[in-house]
Amino acid sequence: MKIWVFAEKYTALNELCRGARQLGERVEGIIVGSPEGVISADKVWSIPAQEGAMLEDYTESIVALVEKEKPELLLVAPTKRGKLIAGRLAAMLGASVSTDVMKLTQDGEAKRMVYGGTAVRREKATTPTAIVMVGPGVLVVSAEAATSQAEVATVDFIEPTTKMKVISKEQKPKVTVDLPSAKRVVGVGRGIALAEDIAMARQLAEAIGGEVGCSRPIAEGEKWMPKETYIGVSGLMLAPEVYFALGISGQVQHMVGINRSKVVIAINKDKNAPIFKQADYGIVGDLYKIVPALLNQLK
Ligand SMILES: Cc1cc2nc3c(=O)[nH]c(=O)nc-3n(C[C@H](O)[C@H](O)[C@H](O)COP(=O)(O)OP(=O)(O)OC[C@H]3O[C@@H](n4cnc5c(N)ncnc54)[C@H](O)[C@@H]3O)c2cc1C
């Protein structure tokens, strides 16, 4: 199977390319601009960057490439822009898109959550090219996956038929954590009473050499952490060695994002919290007492 990968960021592109090795014999990447650093693919298709162009403006160029080269699978990293471009590609190519994919098999079958995470659907595209939106961390990356530099082919940029103009740009606060690559993650949930108490989770993360993520309400509701750091069906899908869940109830939409963790340690004051059914270690109690005690021990 010939698999193509498109991602805005090089880390995601590389991780998807390396994961795609488990699914097909040939892996090729699509990038905008010239490659910066090593890309773990057999070939890279480089579309020349255009001044002032938005990512969506490269859709026509990608469509022309896909129509010519006919990859069977096109993996797209599920960023906001990625979602926009995947929709456009699907419409122009007449291809189907599977979003929020949690598992992808060699025969192209995708498993994804439906009904807000209460059911899992298996689906397989019947179109010649299937577009699958899959996050870094979902595909298993084997240690021996190739990291050699790919052959680079520069292709023509095709002017989009409909264009958007950037009127202004505003810098967002930078997210400095790289949760998909973190081996240890401390997840913060609504059991945390105040934004400033997240410092306690950061101390725990620091003590174990990890990073801090959160449940959706902490990012989308309280806005105490950046949206890019929430874990679950509509956020990040992680597979760390250790996941600490602090004051997280364990709803399916969150658990989907962490159920590939090797060890899950949950701290929750409610002994009936669903998270305890999936945790390897559970501590029933007030996180405001347990986390300082753990920090003390770790010191
Ligand atoms: C379509 C859809 C998509 C969604 N996607 C996501 C997603 O991607 N990620 C996600 O996280 N959620 C997602 N959700 C929301 C999800 O259903 C839950 O509402 C959310 O995960 C709950 O977050 P929580 O566990 O932090 O909060 P809660 O469910 O409110 O749990 C808080 C927990 O903290 C415990 N607690 C309280 N105080 C303390 C204390 N002092 N010490 C110890 N424990 C304490 C409580 O016992 C409770 O179990 C989605 C929902 C929908 C409908």
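All figures in this text were calculated on a predicted structure; none of them were measured in a lab. (Residues numbered from 1 in each chain as written. Predicted model: local features only at pLDDT ≥ 70, side-chain atom pairs only at ≥ 80, totals over all residues. Heavy atoms only, no water.)

### Side note on the pairing of strand 1 (residues 2-6)
And then number 1: Across the five residues that make up strand 1, a large majority, five, are buried.
And then number 2: With burial as the criterion, each face of strand 1 is covered, one bearing Lys2, Trp4 and Phe6 and the other bearing Ile3 and Val5.
And then number 3: Bridge analysis of strand 1 against strand 2 (residues 26-32) gives five bridges, and the strand direction is parallel. Following the sheet pairing, Ile3 is matched in strand 2 by Val27.
And then number 4: With helix 1 (residues 10-20) bridging strand 1 and its parallel neighbour strand 2, the resulting β-α-β unit is right-handed.
And then number 5: Where strand 1 lies against strand 4 (residues 73-76), four bridges are found, and the strand directions are parallel. Each residue of the ladder has a partner; that of Ile3, found in strand 4, is Leu73. (Buried < 20%, exposed > 50% of the residue type's maximum accessible area, 1.4 Å probe, protein only. Helix = DSSP H or I, 4+ residues; strand = E, 2+ residues; numbered from the N terminus. Pairing = 2+ DSSP bridges. Right-handed = clockwise from strand over helix to strand, strands pointing away.)

### Considerations on the domain arrangement of the protein
And then number 1: Examined at the domain level, the protein breaks down into domain 1 (2-154) and domain 2 (179-298).
And then number 2: With centres defined by C-alpha atoms, the gap from domain 1 to domain 2 works out at 30 Å.
And then number 3: The partner domain 2 presents eight residues to the nine residues of domain 1 that form the contact.
And then number 4: Summed over both partners, the interface of domain 1 with domain 2 comes to about 810 Å²; 55% of that surface belongs to carbon and sulfur atoms.
And then number 5: Here domain 1 and domain 2 share zero salt bridges between them.
And then number 6: Applying the counting rule to domain 1 against domain 2 returns zero residue pairs in polar contact (both at pLDDT 80 or more).
And then number 7: Counting residues per element, the side of domain 1 that touches domain 2 draws most heavily on strand 5 (residues 96-104), at three residues. (Domains from an automatic or database assignment. Contact = heavy atoms within 4.5 Å. Buried area = accessible area lost by both parts, 1.4 Å probe. Salt bridge = Lys/Arg side-chain N within 4 Å of Asp/Glu carboxyl O. Polar contact = N/O pair within 3.5 Å; in protein donor to acceptor, adjacent residues only side chain to side chain.)

### Some words on the sheet that holds strand 10 (residues 184-188)
Strands pair in a sheet through their backbones, by hydrogen bonds, and they do so in one of two ways: parallel or antiparallel.
And then number 1: With parallel pairing, five strands are arranged side by side in an open sheet as 11-10-12-13-14. The open sheet has two edge strands, strand 11 (211-214) and strand 14 (281-284), and neither has a second partner. Here the strands of the sheet are splayed against their neighbours by 20° on average, with no regard to which way each runs.
And then number 2: Helix-sheet contacts for helix 4 (residues 198-208) involve strand 10, strand 11 and strand 12 (242-246), and the interaxial angle to strand 10 is about 170°. (Axes fitted to C-alpha atoms, helices over the stretch in contact; angles between N-to-C directions.)

### Here we look at the site of the ligand
And then number 1: Taken together, 26 residues are adjacent to the ligand, and Ser215, Ile231, Ser234, Ser249 and Asn268 come closest.
And then number 2: Between the ligand and His254 there is a distance of 2.9 Å, counted from an oxygen atom to a side-chain nitrogen or oxygen.
And then number 3: With respect to the ligand, the backbone of Leu287 contributes an N or O atom lying 2.9 Å from a nitrogen atom.
And then number 4: In isolation the ligand has 990 Å² of accessible area, and contact with the protein removes 76% of it.
And then number 5: Looking at the shell around the ligand, the elements with two or more residues in it are helix 5 (216-221), helix 6 (252-255) and helix 8 (287-298).
And then number 6: Tallied by class, the residues present in the shell around the ligand amount to seven nonpolar, 14 polar and five charged. (Near = heavy atom within 4 Å. Areas by Shrake-Rupley, 256 points an atom, 1.4 Å probe, with all protein chains shown as cover. Nonpolar A, V, L, I, M, F, W, Y, C, P; charged D, E, K, R; others polar.)

### Structural notes on the sheet that holds strand 5
And then number 1: Strand order in the open sheet formed by nine strands is 7-6-5-8-4-1-2-3-9, and the pairing between neighbours is mixed. In the strand order of this sheet, the two ends are held by strand 7 (119-123) and strand 9 (151-154), each with one partner. Put simply, the sheet's adjacent strands are angled 35° from each other on average, direction ignored.
And then number 2: Across three bridges, strand 5 lies against strand 6 (residues 110-114) in antiparallel orientation. Paired with Lys103 across the bridge in strand 6 is Lys111.
And then number 3: Packing of helix 2 (residues 59-69) onto the sheet brings it into contact with strand 1, strand 2, strand 3 (43-47) and strand 4, and relative to strand 1 it is tilted by some 175°.
And then number 4: In the packing of helix 3 (residues 80-93) onto the sheet, contacts are made with strand 1, strand 4, strand 5 and strand 8 (130-134), and the angle to strand 8 comes to roughly 170°.

### So, the pattern of salt bridges
And then number 1: Taken as a whole and assessed by the stated rule, the structure comprises ten salt bridges.
And then number 2: For Arg121, the salt bridge goes to Glu123, with nearest N and O atoms at 3.0 Å.

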